[in-house]
Amino acid sequence: MKASALPTFVLFFLLGFLGTKAFKPNLRRSVVKYDTSRKVPTDVIDNALGAAIMAPNHFMTEPWRFYLLGPETTEKVIGLNPDKRAMFEGVPHWMMVTCAASEYGDDGAITTKKGLEDHAATSCAIQNFMLALAEAEGEGVGSKWMTGALGIDGEKIMEVIGADKEAERFMGAVWFGYPAKPLEETKAPPRKKGLEGTLKSLP
């Protein structure tokens, strides 16, 4: 495929974020054990967020909202589920993500065509963020997208982070940090269907 045939957002992502590096999406892993003695540099986080906001979004609604938790807010979130304190304290960084959809159903849920497009766009942004972290210079940064497994009502998290509950809906928490074991040494769960079971090449 010629470069001119690529969608604009893909060109921006490749040129602005990846530069001349080879993209290795296979490095992304869902990491639960981190090296808590190390913090991810601000520029690495900013670069990953830059990749996140290049996600495709219909009508350029930019529905994603990111909340990078500091120590005080992290402690408040941990306090919402004391039973998992030990696990939560092993996570160096927390990024909460919400979707500010351009339209909601009558019940306030994301059910309309525009709302579902915004939900999908926010999911793409989260994936871009995680892929970009994995591609960080030097050792890749591990991450994990957490939702129900947090054991915390999303509404309570929204209150703690100060999100607008009328305009936004909780998408989850992204844990991230330098993994206890390098990403290259972490085996990904096998995809049972693989490409053979999901790709149909048409004439």
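Just so we're clear, the structure is a prediction, and the values are computed from it rather than from any experiment.

Concerning the pairing of strand S2 (residues 93–99)
- Of all seven residues making up S2, seven are buried, and the element is well covered by its neighbours.
- Across five bridges, the pairing between strand S1 (residues 64–68) and S2 is antiparallel. Across the sheet, Phe 66 pairs through a bridge with Val 97, a residue of S2.
- Across seven bridges, the pairing between S2 and strand S4 (residues 169–177) is antiparallel. Bridging across to S4, Met 96 finds its partner in Ala 173.

Let's talk about empty space enclosed by the protein
- Enumeration according to the criterion identifies one cavity of 30 Å³ or more in this entry.
- In this structure, the largest cavity spans a volume of roughly 30 Å³.
- Lining the largest cavity, in full, are His 58, Phe 59, Thr 61, Ser 102, Lys 114, Glu 117 and Asp 118.
- Class assignment for the residues of the lining of the largest cavity results in one nonpolar, three polar and three charged.

Concerning the sheet that holds strand S3 (residues 142–146)
- Read across the open sheet, the four strands follow the order S1-S2-S4-S3; overall the sheet is antiparallel. The open sheet has two edge strands, S1 and S3, and neither has a second partner. In this sheet, adjacent strand axes meet at a mean angle of 25° when their direction is disregarded.
- Across five bridges, the pairing between S3 and S4 is antiparallel. Within S4, the residue paired with Gly 142 across the bridge is Gly 177.
- Strands S1, S2, S3 and S4 of the sheet are contacted by helix H5 (residues 113–134), whose axis makes an angle of about 5° with S4.

Things to note about the nonpolar core
- Core analysis: the largest hydrophobic core is formed by 27 residues, its most contacted members being Val 40, Met 95, Phe 129, Leu 133, Val 141, Val 174 and Phe 176.
- Mapped by element, the contributors of at least two residues to this core are helix H2 (42–52), S2, H5 and S4.
- When residues of this core are assigned to their parent elements, the largest contribution, seven residues, is made by H5.
- Every residue in contact with Val 141, bar those within four places of it in the chain, is listed here: Val 40, Val 44, Leu 133, Ala 134, Ala 136, Phe 176, Gly 177, Tyr 178, Pro 179 and Leu 183.
- The next biggest cluster of nonpolar side chains, apart from the first, holds 22 residues, and it includes Val 77, Val 91, Met 158 and Ile 161.

Thoughts on the side chain of Thr 98
- Along the chain, the position of Thr 98 falls in strand S2.
- With a relative accessible area of 0%, Thr 98 lands in the buried category.
- In this structure the side chain of Thr 98 is engaged in a polar contact, spanning 2.5 Å, whose partner is the side chain of Glu 168.
- For Thr 98, the contacting residues outside a window of four places in its chain are Pro 63, Trp 64, Arg 65, Tyr 67, Thr 122, Met 158, Ile 161, Ala 163, Glu 168, Arg 169, Phe 170 and Met 171.

Rules behind the numbers
- Residues numbered from 1 in each chain as written.
- Predicted model: local features only at pLDDT ≥ 70, side-chain atom pairs only at ≥ 80, totals over all residues.
- Heavy atoms only, no water.
- Buried < 20%, exposed > 50% of the residue type's maximum accessible area, 1.4 Å probe, protein only.
- Helix = DSSP H or I, 4+ residues; strand = E, 2+ residues; numbered from the N terminus.
- Pairing = 2+ DSSP bridges.
- 1 Å grid on protein atoms, 1.4 Å probe; cavity = no way out; pocket = protein on both sides within 12 Å on 5 of 7 lines; lining within 4 Å.
- Points joined across faces, edges and corners; volume = space filled by probe spheres on them.
- Nonpolar A, V, L, I, M, F, W, Y, C, P; charged D, E, K, R; others polar.
- Axes fitted to C-alpha atoms, helices over the stretch in contact; angles between N-to-C directions.
- Contact = heavy atoms within 4.5 Å.
- Core = buried A, V, L, I, M, F, W, Y, C linked by side-chain atoms within 4.5 Å.
- Polar contact = N/O pair within 3.5 Å; in protein donor to acceptor, adjacent residues only side chain to side chain.

Everything listed here is a matter of geometry and, on its own, says nothing about what the molecule does.
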